[in-house]
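The primary structure of each chain is shown beneath.
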Amino acid sequence: AQSVAQPEDQVNVAEGNPLTVKCTYSVSGNPYLFWYVQYPNRGLQFLLKYITGDNLVKGSYGFEAEFNKSQTSFHLKKPSALVSDSALYFCAVRDMGSGGYNKLIFGAGTRLAVHP
Amino acid sequence: SQTIHQWPATLVQPVGSPLSLECTVEGTSNPNLYWYRQAAGRGLQLLFYSVGIGQISSEVPQNLSASRPQDRQFILSSKKLLLSDSGFYLCAWLSPGGSYTFGSGTRLTVV
């Protein structure tokens, strides 16, 4: 079965510094990987996805993620963090369940705190 | 454009009462629809998914059920709520481009 792991419960970054939120995956076949962000008491917002092609994927709000097949990682990055980036971030992988139905499997989430 | 609506936003229900949460999508047809639950503000657990009217797949055994009476309507229900049913419930649909779009969620508190 497909799975993703987010090894950090929380990441603390000073505003203006680069940030990285880590994600590793375990899949059979080619991975379809996603990053979502959640603000308090809100639904999830799509940031970016990797399906195929360039290993560096650019997404919303200045975020990007690097797909690394050899390390089975898909870390989320941003060159300069903003206080408004503080939120809960989820890595996810698409799983083709029995019968060929798509479903999204999420990591446990990483809370990003950006300090002024 | 495609949109997804979920209501109510907040719900407080006593133990043993019934539940009905509704999710509808607009601007698409025959979408794949999903119900997720988020407990304690962290990980999301897939509860149900549906690929068409009347077609429901359950991911985990539980006190909840789902139905899809119309193409763009997905309902999460319970006959008798438990305290453990408290959580944040999210509906989602799979767009043709391969991305999942989520509703704004329902905060359910069972008291």
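Look up a bit, the structure's there.
Residues numbered from 1 in each chain as written. Chains lettered and ligands numbered in written order. Predicted model: local features only at pLDDT ≥ 70, side-chain atom pairs only at ≥ 80, totals over all residues. Heavy atoms only, no water.

1. Notes on the state of the cysteines
Throughout the structure, instances matching the rule amount to two disulfides over all chains. Across a sulfur-sulfur distance of 2.0 Å, Cys23(A) and Cys91(A) are joined as a disulfide pair. Judged by the torsion about the S-S bond (-60°), the Cys23(A)/Cys91(A) disulfide is left-handed. Placement of Cys23(A) in the loop between strand S3 (19–21) and strand S4 (24–26) and of Cys91(A) in strand S10 (residues 87–96) is noted, with a sequence separation of 68 residues between them. Looking at Cys23(A), the relative accessible area reads 0%, which means it is buried. Between Cys23(B) and Cys91(B) runs a disulfide, and the two sulfur atoms are separated by 1.9 Å. Its torsion about the S-S bond being -75°, the disulfide of Cys23(B) and Cys91(B) is classed as left-handed. Here the residue Cys23(B) occupies a position in strand S3 (residues 19–26), and Cys91(B) occupies one in strand S9 (residues 87–94), the gap between them amounting to 68 residues. The exposure classification of Cys23(B) matches that of Cys91(B), with both residues buried. (Disulfide = S-S within 2.5 Å. Helix = DSSP H or I, 4+ residues; strand = E, 2+ residues; numbered from the N terminus. Buried < 20%, exposed > 50% of the residue type's maximum accessible area, 1.4 Å probe, protein only.)

2. Observations regarding the interface of chain A and chain B
Counting from both sides, the interface comprises 25 residues of chain A and, opposite them, 23 residues of chain B. Between chain A and chain B, roughly 1,800 Å² of surface is buried when both sides are summed, and carbon and sulfur atoms account for 51% of that area. Across the contact surface, chain A and chain B share one salt bridge. For Glu59(B), the salt bridge identified is with Lys103(A), shortest N-O distance 2.9 Å. Counting across the chain A and chain B interface gives seven residue pairs in polar contact (both at pLDDT 80 or more). Residue assignment for the side of chain A that touches chain B shows that the elements contributing at least two residues are strand S5 (33–38), strand S6 (44–50), S10, strand S11 (102–106) and strand S12 (110–115) of chain A. Here the side of chain A that touches chain B takes four residues from S11(A), the largest share from any one element. Taken together, the residues that form the side of chain A that touches chain B break down as 11 nonpolar, eight polar and six charged. (Contact = heavy atoms within 4.5 Å. Buried area = accessible area lost by both parts, 1.4 Å probe. Salt bridge = Lys/Arg side-chain N within 4 Å of Asp/Glu carboxyl O. Polar contact = N/O pair within 3.5 Å; in protein donor to acceptor, adjacent residues only side chain to side chain. Nonpolar A, V, L, I, M, F, W, Y, C, P; charged D, E, K, R; others polar.)

3. As for the side chain of Glu64(A)
Residues and elements named next belong to chain A. Relative to the helices and strands, Glu-64 is located in strand S8 (residues 64–68). A relative accessible area of 18% means that Glu-64 is categorised as buried. Polar side-chain contacts of Glu-64 include one of 2.9 Å to the side chain of Lys-58. Other than its neighbours up to four places away in sequence, Glu-64 contacts Leu-48, Leu-56, Val-57, Lys-58, Gly-59, His-75, Leu-76 and Lys-77.

4. Details of the sheet that holds strand S8 (residues 73–78) of chain B
Residues and elements named next belong to chain B. Judged by pairing direction, the sheet is antiparallel, and its four strands sit side by side in the order S1-S3-S8-S7 without closing on themselves. This sheet does not close on itself; its edge strands, each paired only once, are strand S1 (3–7) and strand S7 (65–70). Strand-to-strand twist of the sheet, defined as the mean angle between neighbouring strand axes without regard to direction, takes the value 20°. By the bridge criterion, six bridges tie S3 to S8 in an arrangement that is antiparallel. (Pairing = 2+ DSSP bridges. Axes fitted to C-alpha atoms, helices over the stretch in contact; angles between N-to-C directions.)

5. Details of the pairing of S5(A)
Remark: a regular strand shows side chains that alternate across the two faces of the sheet. Residue and element names in this part refer to chain A. The buried count for S5 comes to six of six residues, which makes it a mostly enclosed element. Burial along S5 is two-sided: the residues Leu-33, Trp-35 and Val-37 and Phe-34, Tyr-36 and Gln-38 are all buried. With six bridges connecting them, S5 and S6 associate as antiparallel partners. Counted as the bridge partner of Phe-34 is Lys-49 from S6. In textbook terms, the turn of a hairpin is the stretch between consecutive antiparallel strands, and for S5 and S6 this stretch comprises five residues, one of which, Asn-41, has a positive phi near 55°. Pairing of S5 with S10 involves six bridges; the strand directions are antiparallel. Note that in S10 the partner of Tyr-36 across the bridge is Phe-90.

6. Observations regarding the pattern of salt bridges
Residues and elements named next belong to chain A. In this structure the tally under the stated criterion is six salt bridges over all chains. A salt bridge links Lys-58 to Glu-64; the shortest N-O distance between them is 2.9 Å. Lys-77 is the partner of Glu-66 in a salt bridge, and the nearest nitrogen-oxygen pair spans 3.3 Å. Highlighted residues: Glu-66 in strand S8 and Lys-77 in strand S9 (residues 73–78), separated in sequence by 11 residues. In this structure Glu-66 comes out as partly exposed when scored by relative accessible area, which is 37%.

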